[in-house]
Amino acid sequence: MPQKILAGRATDPQLRGDLVQVKVDQVILSRAPSRALAEAIATGMKKTPVEVAVAYDGTCVADASSLADIDEGSPHSVSPEFPTYNIPIARPGIGFPAPVHLERFAAPARLALTDDPRLTTVGGIGMLSLVVSPSQLGQALATGSVWLRPPRSVQIHLSGRVRPFVCARDVALELLRRNLDEVVRRIEGEHHAPVILEFAGPSARLLSVGDRAVLCGIAPQVGAAAALFVSDEKTEVFLRDQRRSKAHRALVPDPGAPCEEVVSIDLGTVDPLLMDEDGVVRPVRDLAGKPVAQVVLGGDSGVTLRDMLAAALLLKSKRVPSRLDLLVAPPSRQVLEVLAQSGALVDLVATGARIVEPDRRVVTSEIYPPPPGSLSLRTADPEPRIAGAPSFVVASAETLAYAVATGAVGDPRSFKRPVRVTVPRALPTDDVLILRDKKGEQVSTKKPPPAPAAVPWKGPLTLDVLAGVPKVNGHAAVGARARAAAAPVEAPAAAAADEQGQAAPAEGKTAGGVALVLSTLDEVRAVAERATDLSTVRAVVAPFVPSTAVSAFASEGIATFLVGTEALGSIKEQKSVELPAPAQWGDRVAAIFGSERVEVAWLATGMERSWTHAGTVRQPPSASKPAR
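Remember, predicted model here, so these are calculated numbers, not experimental data.

### Observations concerning the overall build of the chain
(1) Moving on: For the chain, the count of helices and strands is 21 helices and 28 strands.
(2) Moving on: Radius of gyration (C-alpha) of the chain: 24 Å, near the 25 Å computed for a compact globule of 628 residues.
(3) Moving on: Each of the three principal axes of the chain carries a C-alpha extent, and together these read 70 × 55 × 55 Å.
(4) Moving on: Looking at the 628 residues of the chain, the share that counts as buried comes to 60%.
(5) Moving on: Taking as baseline every contact in the chain between residues at least 6 positions apart, the subset at least 24 positions apart corresponds to 77%.
(6) Moving on: Accessible area of the chain: about 24,500 Å², with a carbon and sulfur share of 52%.
(7) Moving on: Side-chain charges in the chain split into 69 positive and 68 negative, and the spacing between the mean points of these groups amounts to 5 Å.

Below, the structure is given as structure tokens:
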């Protein structure tokens, strides 16, 4: 299915070559909207030619830091000039980007580009969503096209029916428990191409679009580029309920279409599961009886409208225990209105719930963090698990409801009987919080921030070696505030080097930058999501880097190298690495870590190599031409 979507938009329908140029249908800006806009303007954009482009402003709880970001034109802020370029703004309060886009904009058999891995959930409607860097988003906004690696597919065959008190969240956790990441990693290693999860089988067509979105949300956690469901009658009904019937297109795989591997799962064998604070998926009974201090129901993934209604019914006439906080974060404004109209919101409030705004910092735990030394249960997918990042337990909405009812972790099947939930068909679809350009009215005169200057690779370079994700003031660089703090050029390397006992660059010495040595997929994901903020990073060395991250790094001028796990230990202990001049780089590069010579594999391919050396994917306006 992903090949069908790309082939219909590519200049080469056969998808031959390391990279192909494809036409883009939608651009979704969430994490660094102003940076993407600056890149597009630098390329010569006057009005974006893409079918749909939306900038999500996820800062609902304003503080001095967020207001300063807006005033200073931070890359992560959303300024009022977006509608001038035919890019509507989804204003604060509309909800989290992933569920809102699924409801209001996502369309089957289309290609979307985004800077937010959490937008993979839109694959539940049959739309292919790929994560790229802000500079690539700028090219897509300006020209309507982008260069991508042709993907490979892994089919997940679903059969059977889920039992009572088992949700899509539990099925997603079961897939994680079956080591799907190892399958993705092996196929990536064989083909050096992005891997996309395709859900198929008789049970795939029985799932609602909301449940499909929850399953697609696991793609980033296993290293896959995206996930995709068929577009069928369930999709058509969903779009009709959203009053967007015209957006429907059928999308099914061709008979006998090849895939790299098939993973089968019987939904009838899935039990209530949870992901503990260490990222290990376990049966709920393994933590049964452990007291819970915080429950966050909602967020941008892992929960559907049906799950929210079911949790409200299970908690009706219950009371929140004295030592537990119940926070309800409705995924979207539409879900909030349905909860209010059905009376479920009143039931939750009567239980003792606190309704929180859909601020992006809720899912990153920058606000409402897990209480120290206590258990926090949430439905949303976690951020990459790195040292210093907040940790919590991930479980289904019904498992969370049981924790609220009893004050401790337990199997939701201990409830007397399952609830019957009727999801309304008449859904509120008012786009009052979508700000569009009204014939030039209310256009901001403030200029967008300029695109950062490219830093090319000119000759041999000596880089300081840093093991792990850069830290700021002793904390992992996670979220908006850490991103802002990471902006100073020397701070991340110096602070992290000091923490790990490494010597900082000698006084008077000109440091060429930093080479990050990363051990896990989560570390790679964390750096890839923040590559635009780590200005000193020039190279990434790891035993596994997904192809999408390689492209994103290359577009920012960051070289990506593959190294065997056996060499990681000695490399991390070194203080510097010497890299030869770019003219001497090939598939293998001779790097000197300290006094040790190590052959590393350069993962960039085709045009990605010229992007790396140039320090940017940006092209001058005269060279920007849209795909056919």
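### Let's talk about the pairing of strand S28 (residues 596-602)
(1) Moving on: By the bridge criterion, 2 bridges tie strand S25 (residues 559-562) to S28 in an arrangement that is antiparallel. Opposite Leu562, over in S28, you have Ala601 as the bridge partner.
(2) Moving on: As defined by bridge partners, strand S27 (residues 588-593) adjoins S28 across 6 bridges and the pair is classed as antiparallel. Looking at the pairing, Arg588 lines up with Ala601 of S28.
(3) Moving on: Turn length for the S27-S28 hairpin, with the two strands adjacent in sequence and antiparallel, is 2 residues, and the turn residue Gly594 shows positive phi of about 65°.

### Some words on the nonpolar core
(1) Moving on: By size, the foremost hydrophobic cluster in this structure holds 44 residues, and its most contacted members are Phe561 and Leu579.
(2) Moving on: If one sorts the elements of this core by residue count, strand S24 (residues 537-542) sits on top with 5 residues.
(3) Moving on: When residues no more than four places from it in sequence are discounted, the contact partners of Leu579 are Trp457, Pro460, Leu461, Leu463, Phe561, Trp585, Val589 and Ala591.

### Notes on the sheet that holds S28
(1) Moving on: The mixed closed barrel is built from 7 strands, whose spatial order is S20-S23-S24-S25-S28-S27-S26. Mean inter-strand twist for the sheet, computed between neighbouring axes without regard to direction, equals 35°.
(2) Moving on: Where S24 meets S25, 4 bridges bridge the pair, whose relative direction is parallel. When the sheet's bridge partners are listed, Ala542 is paired in S25 with Leu562.
(3) Moving on: Packed on one face of the sheet, helix H20 (residues 565-572) meets strand S20 (461-467), strand S23 (514-517), S27 and S28 and runs near 135° to S23.

### Things to note about the sheet that holds strand S18 (residues 393-395)
(1) Moving on: Here 7 strands make up an open sheet; going across it, the order is S13-S12-S18-S17-S14-S15-S16 and the pairing mixed. The open sheet is flanked by strand S13 (281-283) and strand S16 (354-355), the only strands paired with a single partner.
(2) Moving on: In terms of strand pairing, strand S15 (residues 325-329) meets S16 through 2 bridges, oriented parallel. Of the residues in S16, the one forming a bridge with Leu327 is Arg354.
(3) Moving on: Here helix H15 (residues 397-406) sits on the sheet in contact with strand S14 (294-298), S15, strand S17 (376-378) and S18, set at roughly 145° to S14.

### Some thoughts on the packing of aromatic side chains
(1) Moving on: Under the defined criterion, the tally for this structure stands at 6 aromatic pairs.
(2) Moving on: Arranged with centres 5.5 Å apart and planes meeting at 80°, the rings of Tyr402 and Phe415 form a pair that is edge-to-face. Residue Tyr402 is located in helix H15, and its partner Phe415 is located in the loop between H15 and strand S19 (434-435); the two are separated by 13 residues in the primary sequence. Both residues of the pair, Tyr402 and Phe415, count as buried.

### A few points about the confidence of the model for the chain
(1) Moving on: A residue-level look at the chain finds 90% of positions with pLDDT of 70 or above and a mean pLDDT of 88.
(2) Moving on: Here residues 472-511 is a poorly scored stretch, pLDDT under 50, and it has 59 contacts once near neighbours within four places are set aside; other chains count.
(3) Moving on: Across residues 623-628 the pLDDT falls below 50, and counting only partners more than four positions away or on other chains, this stretch makes 18 contacts in the model.

### Comments concerning the environment of Val409
(1) Moving on: Secondary-structure assignment places Val409 in the loop between H15 and S19.
(2) Moving on: Relative accessible area serves as the criterion here: at 3%, Val409 is assigned to the buried category.
(3) Moving on: Sequence separation between Val409 and Val284 is 125 residues; the distance between their C-alpha atoms is 7.4 Å.
(4) Moving on: For Val409, the residues in contact, after removing those within four places along its chain, are Leu274, Val284, Leu287, Ala288, Gly289, Lys290, Val292, Leu375, Leu377 and Tyr402.

### Overview of unusual backbone geometry
(1) Moving on: Phi angles above zero are rare outside glycine, and Asn179 is one such case at about 55°.
(2) Moving on: Taking relative accessible area as the criterion, Asn179 reaches 37% and is therefore assigned partly exposed.
(3) Moving on: Residues other than glycine seldom take positive phi values, yet Tyr368 does so here, at roughly 55°.
(4) Moving on: Of note, Tyr368 is situated in the loop between helix H14 (360-363) and S17.

### Focus on a nonpolar patch on the surface
(1) Moving on: A cluster of nonpolar side chains, Leu336, Val349 and Ile355, forms an exposed patch at the surface whose accessible area comes to about 220 Å².
(2) Moving on: Along the chain, the position of Leu336 falls in helix H12 (residues 333-342).

### Section: helix H2 (residues 33-42)
(1) Moving on: Burial of H2 is extensive: 8 of the 10 residues sit out of reach of the surface.
(2) Moving on: Taken together, the buried positions of H2 are occupied by Pro33, Ser34, Arg35, Ala36, Leu37, Ala38, Glu39 and Ala40.
(3) Moving on: Where H2 is buried, its residues meet strand S2 (26-29), strand S3 (52-56) and helix H5 (134-143).
(4) Moving on: Looking one or two residues past H2, Gly44 carries a phi angle of roughly 110°, positive in sign.

### A few points about the packing of helix H11 (residues 305-314) against H12
(1) Moving on: Interaxial distance between H11 and H12 falls to 10 Å at its minimum, and their mutual angle equals 35°. Here H11 and H12 pass one another in a crossing that is right-handed. Together, Leu305, Met308 and Leu309 of H11 and Val335, Val338, Leu339 and Ser342 of H12 make up the contact between the two elements.
(2) Moving on: Residue composition of the contact of H11 with H12, by class: 6 nonpolar, 1 polar and no charged.

### Some thoughts on helix H8 (residues 209-216)
(1) Moving on: Of all 8 residues in H8, 7 are buried; the element is thus mostly enclosed.
(2) Moving on: Those residues of H8 that fall on the buried side of the exposure criterion are Val209, Asp211, Arg212, Ala213, Val214, Leu215 and Cys216.

### So, the pairing of S23
(1) Moving on: Side chains of S23 alternate between two faces, with Val514 and Leu516 and Ala515 and Val517 buried alike.
(2) Moving on: Sheet topology places S20 next to S23; 4 bridges connect them, and they run parallel. In the strand pairing of S23, Ala467 is matched with Val517.
(3) Moving on: Since S23 and S24 lie parallel, the crossover through helix H18 (residues 521-529) that links them has a hand, and here it is right-handed.

### A closer look at the environment of Cys216
(1) Moving on: The residue Cys216 is located in helix H8 in this model.
(2) Moving on: Residue contacts for Cys216: discarding those within four places in its chain leaves Thr120, Thr121, Gly123, Gly124, Phe199, Ala227, Leu228 and Phe229.

Cut-offs and rules
Residues numbered from 1 in each chain as written. Predicted model: local features only at pLDDT ≥ 70, side-chain atom pairs only at ≥ 80, totals over all residues. Heavy atoms only, no water. Helix = DSSP H or I, 4+ residues; strand = E, 2+ residues; numbered from the N terminus. Rg over C-alpha atoms; globule rule 2.2 N^0.38 Å. Buried < 20%, exposed > 50% of the residue type's maximum accessible area, 1.4 Å probe, protein only. Contact = heavy atoms within 4.5 Å. Areas by Shrake-Rupley, 256 points an atom, 1.4 Å probe, with all protein chains shown as cover. Lys, Arg positive; Asp, Glu negative; His and termini not counted. Charge placed at Lys NZ, Arg CZ, Asp CG, Glu CD. Pairing = 2+ DSSP bridges. Core = buried A, V, L, I, M, F, W, Y, C linked by side-chain atoms within 4.5 Å. Axes fitted to C-alpha atoms, helices over the stretch in contact; angles between N-to-C directions. Phe/Tyr/Trp six-rings, centres within 6.5 Å; stacked < 30°, edge-to-face > 60°. pLDDT = per-residue confidence, 0-100. Patch = residues over 30% accessible without salt bridge, like charges linked within 9 Å, V, L, I, M, F, W, Y side chains within 5 Å. Salt bridge = Lys/Arg side-chain N within 4 Å of Asp/Glu carboxyl O. Left-handed = near helix turned anticlockwise from the far one by under 90°. Nonpolar A, V, L, I, M, F, W, Y, C, P; charged D, E, K, R; others polar. Right-handed = clockwise from strand over helix to strand, strands pointing away.

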